[in-house]
Amino acid sequence: ACCIISLCKFYKTPRKSTIKAARLLPYYGIQTVALALGVFLCIIGIRGGIGHNVRPITISNASAYVSKPIDAALVLNTPFALIRTIGKKPFQVTRYFSDQNSLEQVFTPVHRPEIDSIDSTSFRPLNVVVFIMESFGQEYTDEGYTPFLDSLTNHALSFTQSFANGRKSIDAMPSILSSIPYMVEPFILTPASLNKLSGLADNLNHKGYYTAFFHGADNGSMGFDAFARATGFQRYYGRTEYNADPSFGGNADFDGQWAVWDEEFFQFFKKTLDTLPQPFATAMFSASSHHPFRIPEKYQGRFPEGTLPIHVPIAYSDYALRRFFEAAKQEAWYANTLFVITADHTNVQEKPENLNSVGLFRIPVVFYRPDNSLAARREGIAQQIDILPTVLGYLRYDRPYLAFGCDLLNTPSKDTFAFNYVNDIYQYIQNQYVIQFNGQEVTGLYDYIGDPLLKVNLKGTLPQVENEMESRLKAFIQQYMERMTEDRLTVE
């Protein structure tokens with residue numbers, strides 16, 4: 001209303017009869033410049049800033065300014081919400097199971113710890129530190145570009161098959177920290193991101209934890225701060241906090257593209273952990289192994305060149321991880337900590353078996369205790385959405401919670417699985433098979449262990465395997481869609 005009144009009051013239409021031709025050119029020139037400037041400022045406003053390290057803001061960014069998701073509507077405005085949701089595929093619920101009890105028996109994301117065997121007195125208040133390593137695909141670790149992570153894995157819990165649930169960084173945070181996989185649309189870009197949410201931080205807040213999220217990019221980048229706040233993290237540490245610490249180099253340590261170099265920001269992370277009250281639960285999202293695949297000048301020639309441009313920054317970030325652990329092991333909190341190391345997604349790969357719909361999701365999922373009590377290489381499948389329930393299970397968490405993954409420490413290997421959504425196809429991996437489903441029918445069944453290139457479609461040849469996997473996948477999809485549309489992503 002104010003804009004309309006101002007336009008009516010101050011805008012004056014030029015009258016050709018009273019304005020000389022010599023004055024028309026400056027008038028229209030000024031108006032053209034003003035229009036161009038207005039368009040530029042609108043674009044910057046929608047993006048949320050200038051530079052490569054910011055993404056266009058979305059409705060989930062409203063969560064950064066409210067304490068409860070239900071209050072996000074007070075921050076949003078209708079035109080912006082309409083613009084951001086144009087062309088978005090809504091979550092459509094297909095009732096594969098008409099009976100709710102039948103659905104729950106096949107799959108439920110509600111985890112209810114056995115109260116008889118796990119009570120509040122048996123809870124283990126260990127610190128939790130989660131590293132989300134940018135682009136750390138399993139191919140790079142298999143090829144030896146991550147020597148430190150490899151050495152750590154030898155003394156940690158890992159699995160014969162492990163997968164990401166999405167292909168982008170914005171898919172990783174919901175998957176890893178809230179056990180919400182990517183399906184159809186990135187979760188934080190949908191209206192469902194304003195649902196009431198839970199996750200690692202929220203659950204451990206109930207146990208008196210101090211919770212914090214770390215990312216070396218500009219505060220607000222990728223909407224990470226909004227999602228962290230919505231899921232219960234009490235503090236967010238970004239480039240602003242790093243620059244405010246006089247013991248580090250500030251802007252001199254910025255990579256010029258995305259964020260503070262991993263080596264320096266990991267040391268800032270460690271120093272900050274030294275000051276936090278215990279127990280704490282923290283997550284660190286690295287940045288240096290992101291395109292355009294650069295490393296600090298002082299390390300040029302230090303790491304193996306490899307065969308792909310990403311190999312050198314992967315090795316550099318692995319070195320930064322080594323330096324973090326070398327410093328952290330000197331501190332008292334280190335021995336009382338559960339570490340989780342995983343990746344957000346894969347990146348450029350070259351091995352033929354990693355260029356298909358299964359290999360594109362292969363990442364490490366590692367659980368490490370300094371006393372080596374978790375050292376094991378287990379048969380079975382691990383995925384990002386398993387991290388939350390596995391951590392809570394290891395801590396002997398005694399409250400009901402929601403997670404679409406499973407507790408890997410208390411689930412038989414034959415029942416572990418992985419879920420992906422790629423090119424409008426739902427993909428479900430269990431044991432040695434992967435099934436592909438278009439929402440209506442199975443389109444493919446492959447033995448991804450015996451046939452890593454996925455050349456032989458076994459659809460119709462193994463009816464029992466196919467039917468069981470299809471049933472579980474349908475239940476998984478229906479639970480996800482119902483809970484998204486009905487705002488049931490927490491357990492009351």
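Just above, that's the structure.
How each quantity is defined
Residue numbers restart at each chain and count upward from 1, following the sequence in its written direction. It should be noted that, the model being predicted, local features are given only for residues of pLDDT at least 70 and side-chain atom pairs only at 80 or more, the latter also being counted only at that level, while totals for whole chains, interfaces and linings use all residues. Based on all heavy atoms of the structure, the side-chain values leave hydrogens and waters out of the count. Put simply, DSSP H or I for four residues or longer makes a helix, DSSP E for two residues or longer makes a strand, and each gets a number counted from the N terminus. Burial classes: relative accessible area under 20% of the type maximum marks a residue as buried, over 50% as exposed, and values in between as partly exposed (1.4 Å probe, protein chains only). Contacts: residue pairs with any heavy atoms within 4.5 Å of one another. Pairing between two strands requires that DSSP report at least two bridges joining them. Angular values range over 0 to 180 degrees, each being the angle between N-to-C directions of two axes fitted as lines to C-alpha atoms, with helices fitted over their stretch in contact. Only one rule defines a salt bridge in this text: a Lys or Arg side-chain nitrogen within 4 Å of an Asp or Glu carboxyl oxygen. Ring pairs are drawn from Phe, Tyr and Trp, using the six-membered ring of Trp, whenever the two centres fall within 6.5 Å, and their geometry is named by plane angle: stacked under 30 degrees, edge-to-face over 60, tilted for the rest. We call two directions roughly parallel when the angle between them is under 35 degrees, roughly antiparallel when it is over 145, roughly perpendicular when it lies between 65 and 115, and oblique otherwise. Each crossing gets its hand from how the near helix is turned against the far one by less than a right angle, where anticlockwise is left-handed and clockwise is right-handed. Gly falls in the polar group here, along with every residue not listed as nonpolar (Ala, Val, Leu, Ile, Met, Phe, Trp, Tyr, Cys, Pro) or charged (Asp, Glu, Lys, Arg). To form a nonpolar core, buried Ala, Val, Leu, Ile, Met, Phe, Trp, Tyr and Cys residues must be joined to one another through side-chain atoms within 4.5 Å.

J.: I'm lost on the overall build of the chain in this one. Help?
T.: Each helix and strand counted, the chain has 14 helices and 14 strands in total. Across the 492 residues in the chain, those meeting the buried criterion constitute 54%. The contacts of the chain with a sequence gap of at least 6 include a subset with a gap of at least 24, amounting to 71%.

J.: Explain the sheet that holds strand β14 (residues 442–447) here, please?
T.: The strands that make up a sheet are held in pairs by hydrogen bonds between backbone atoms, and each pair lies either parallel or antiparallel. Taken in spatial order, the four strands line up as β11-β12-β13-β14 in an open sheet, and their pairing is antiparallel. Lying at the two open borders of the sheet, with one neighbouring strand each, are β11 (417–422) and β14. Each strand axis lies, on average, 15° off the axis of its neighbour in the sheet, ignoring direction. Pairing geometry for β11 and strand β12 (residues 425–430), over six bridges, is antiparallel. Following the sheet pairing, V422 is matched in β12 by I425.

J.: What exactly am I supposed to notice about the pattern of salt bridges here?
T.: It is possible for side chains of opposite charge to pair when their charged atoms get near one another. Enumeration according to the criterion identifies 15 salt bridges in this entry. Residues K298 and E264 are paired through a salt bridge, measuring 3.6 Å at the closest nitrogen-oxygen approach. In this pair, K298 sits in the loop between β6 (280–285) and α12 (311–328) while E264 sits in helix α11 (residues 262–275), placing the two residues 34 residues apart along the sequence. One salt bridge in this structure joins E331 and K270, with 2.8 Å as the shortest N-O distance. Of this pair, E331 sits in the loop between α12 and β7 (337–343) while K270 sits in helix α11; the two residues are 61 residues apart in sequence, bridging distant segments of the chain.

J.: Would you mind going over the packing of aromatic side chains with me for this structure?
T.: Geometry of an aromatic ring pair is reported as the spacing of the ring centres plus the angle between the planes. Across all of its chains, the model carries 51 aromatic pairs by this definition. Considering the side-chain rings of W261 and Y316, the 6.1 Å spacing of their centres and the 85° angle between planes classify their relative orientation as edge-to-face. Taken together, the residues span a long stretch of sequence, with W261 in the loop between α10 (239–244) and α11 and Y316 in helix α12 at a distance of 55 residues. Y316 shares its class with W261; the two are buried.

J.: What's the story with the side chain of Q478 in this structure? I'm lost.
T.: Topologically, Q478 is positioned in helix α14 (residues 463–485). Here Q478 falls in the buried class, since its relative accessible area comes to 1%.

J.: Just to check I follow, could you spell out the environment of I176 for this structure?
T.: Tracing the sequence through the fold places I176 in helix α7 (residues 169–178). With 12 residues separating them along the chain, I176 and A164 place their C-alpha atoms 9.0 Å apart.

J.: Explain the packing of α11 against α12 here, please?
T.: Describing two packed helices takes the angle between their axes plus the distance from one axis to the other. At a minimum axis distance of 9 Å, the contact between α11 and α12 shows a crossing angle of 25°. As judged from the angle between their axes, α11 and α12 are roughly parallel. Classified by chirality, the crossing of α12 by α11 is right-handed. From α11, D262, E263, E264, F266, Q267, F269, K270 and L273 reach across to α12, where they touch Y316, S317, Y319, A320, L321, R323, F324, A327 and A328. Looking at the contact of α11 with α12 residue by residue, the class counts come to 10 nonpolar, two polar and five charged.

J.: Help me out: how do you make sense of the nonpolar core in this one?
T.: Side chains of nonpolar character tend, in soluble globular proteins, to be buried together. Formed by 122 residues in total, the largest nonpolar core has its most connected members in F131 and F325. Among the elements that make up this core, the one with the highest residue count is α14 (eight residues). For F325, the contacting residues outside a window of four places in its chain are F131, F148, L152, Y334, F339, I341 and Y368. Judged by nonpolar contacts, the second largest core, of 11 residues, contains V358, F361, A418 and L454.

Note that every value here comes from positions in space, so none of it alone points to a role or purpose.
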